[in-house]
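An overview of the molecular structure
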Amino acid sequence: FFAAVFLAVAGAESAVRGAASGPVVAWGSNDAGEQAIPIAAQSGVVAVAAGFADIVALKADGSVVAWGSNGDGQTTVPTSAQSGVVAIAAGHLHTVALKADGSVVAWGWNDYGQRMVPVAGQSGVVAIAAGHAHTVALKADGSVVAWGDNSSGQTTVPALAQSGVTAIAAGG
């Protein structure tokens, strides 16, 4: 499932790269310890994501490691996301994990309901993306579920995205 692929992502104030065959490297701001890569994230990382001042890493064993700013709990990985994770995404101050069983776990900032995964997003999910204060999930049936901040209509899924969708992304 996981390949030794070079991965690079950028947050608001930092950037990080990782590869399954090499170390995670972070650069940019270090105001919240973004460059202080924990021992647990120094090997076996298959995916990385960066929020405003936090970084999250997915390990080959399905565990998640997070570091950096934790002002809204975005680096406090809940028990439900400590194993069985297959994908991660980081929003501005919230983090999202996709579990192998198709469920989604969200934690961190919740001013717009970012942690409140709707019923439709609690099973059958195959991909996730996190924006500034919202999350988008792609379901196995090709439909899209979105939640969180809707101030610009970003969680109002249009009729054309109700079926047949094959990929998602969220900006922020």
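Keep in mind the model is a prediction, meaning the values are calculated, not measured.

A closer look at the overall build of the protein chain
A count of helical and extended segments in the protein chain gives zero helices and 12 strands. When its helices and strands are written in sequence order, the protein chain yields β-β-β-β-β-β-β-β-β-β-β-β. Across the 172 residues in the protein chain, those meeting the buried criterion constitute 49%. Taking all contacts inside the protein chain whose residues are at least 6 apart in sequence as the whole, residues at least 24 apart take part in 38%.

Structural notes on the packing of aromatic side chains
According to the stated counting rule, one finds one aromatic pair in the structure shown. Both rings, one in Trp 109 and one in Tyr 112, keep their centres 5.6 Å apart while their planes meet at 85°; by these two values the pair is edge-to-face. Residue Trp 109 is classed as buried on the basis of its relative accessible area of 13%. Overall, Tyr 112 belongs to the partly exposed group, its relative accessible area being 43%.

Re the sheet that holds strand S8 (residues 94–99)
Here three strands make up an open sheet; going across it, the order is S7-S8-S9 and the pairing antiparallel. For this open sheet the edge positions go to strand S7 (85–90) and strand S9 (104–108), each flanked by a neighbour on one side alone. Mean inter-strand twist for the sheet, computed between neighbouring axes without regard to direction, equals 20°. Sheet topology note: the S8/S9 ladder contains five bridges and is antiparallel. Residue His 94 lies in a different strand from S9, and its bridge partner there is Gly 108.

Describing the sheet that holds strand S6 (residues 64–68)
Strands sit in the order S4-S5-S6 across an open sheet of three strands; the sheet is antiparallel. Across the chains shown, the open sheet's two edge strands, defined by having one partner strand only, are strand S4 (45–50) and S6. Ignoring strand direction, the axes of neighbouring strands in this sheet form an average angle of 20°. The sheet contact formed by S4 and strand S5 (residues 54–59) spans five bridges and is antiparallel. Bridging from a neighbouring strand, Ala 50 pairs with Ile 55 of S5.

Focus: the nonpolar core
Among the nonpolar cores identified, the biggest contains 15 residues, and Val 56, Leu 58, Val 64, Ala 81, Val 85, Ile 88 and Trp 107 are the most heavily contacted of them. Counting only elements with at least two residues in this core, the list comes to S4, S5, S6, S7 and S9. Setting aside its immediate chain neighbours within four residues, Ala 81 contacts Val 64, Ala 97, Val 105 and Trp 107. In terms of nonpolar packing, the next biggest core, distinct from the first, is built from 12 residues, Val 96, Val 125, Ala 130 and Ala 137 among them.

Comments concerning the environment of Asn 30
Mapped onto the elements, Asn 30 comes out in the loop between strand S3 (22–28) and S4. We classify Asn 30 as partly exposed; its relative accessible area is 39%. Between the C-alpha atoms of Asn 30 and Ala 53, which are 23 residues apart in sequence, the distance is 8.2 Å. The contacts of Asn 30, once residues within four sequence positions are left out, are Gln 35 and Ala 36.

Regarding the environment of Ala 133
Mapped onto the secondary structure, Ala 133 falls in the loop between strand S10 (125–130) and strand S11 (134–139). As a C-alpha pair, Ala 133 and Asp 111 span 22 residues in sequence and 8.3 Å in three-dimensional space. Not counting chain neighbours up to four residues away, the residues in contact with Ala 133 comprise His 94, Trp 109, Tyr 112, Gln 114, Gly 148 and Asp 149.

What counts and how
Residues numbered from 1 in each chain as written. Predicted model: local features only at pLDDT ≥ 70, side-chain atom pairs only at ≥ 80, totals over all residues. Heavy atoms only, no water. Helix = DSSP H or I, 4+ residues; strand = E, 2+ residues; numbered from the N terminus. Buried < 20%, exposed > 50% of the residue type's maximum accessible area, 1.4 Å probe, protein only. Contact = heavy atoms within 4.5 Å. Phe/Tyr/Trp six-rings, centres within 6.5 Å; stacked < 30°, edge-to-face > 60°. Pairing = 2+ DSSP bridges. Axes fitted to C-alpha atoms, helices over the stretch in contact; angles between N-to-C directions. Core = buried A, V, L, I, M, F, W, Y, C linked by side-chain atoms within 4.5 Å.

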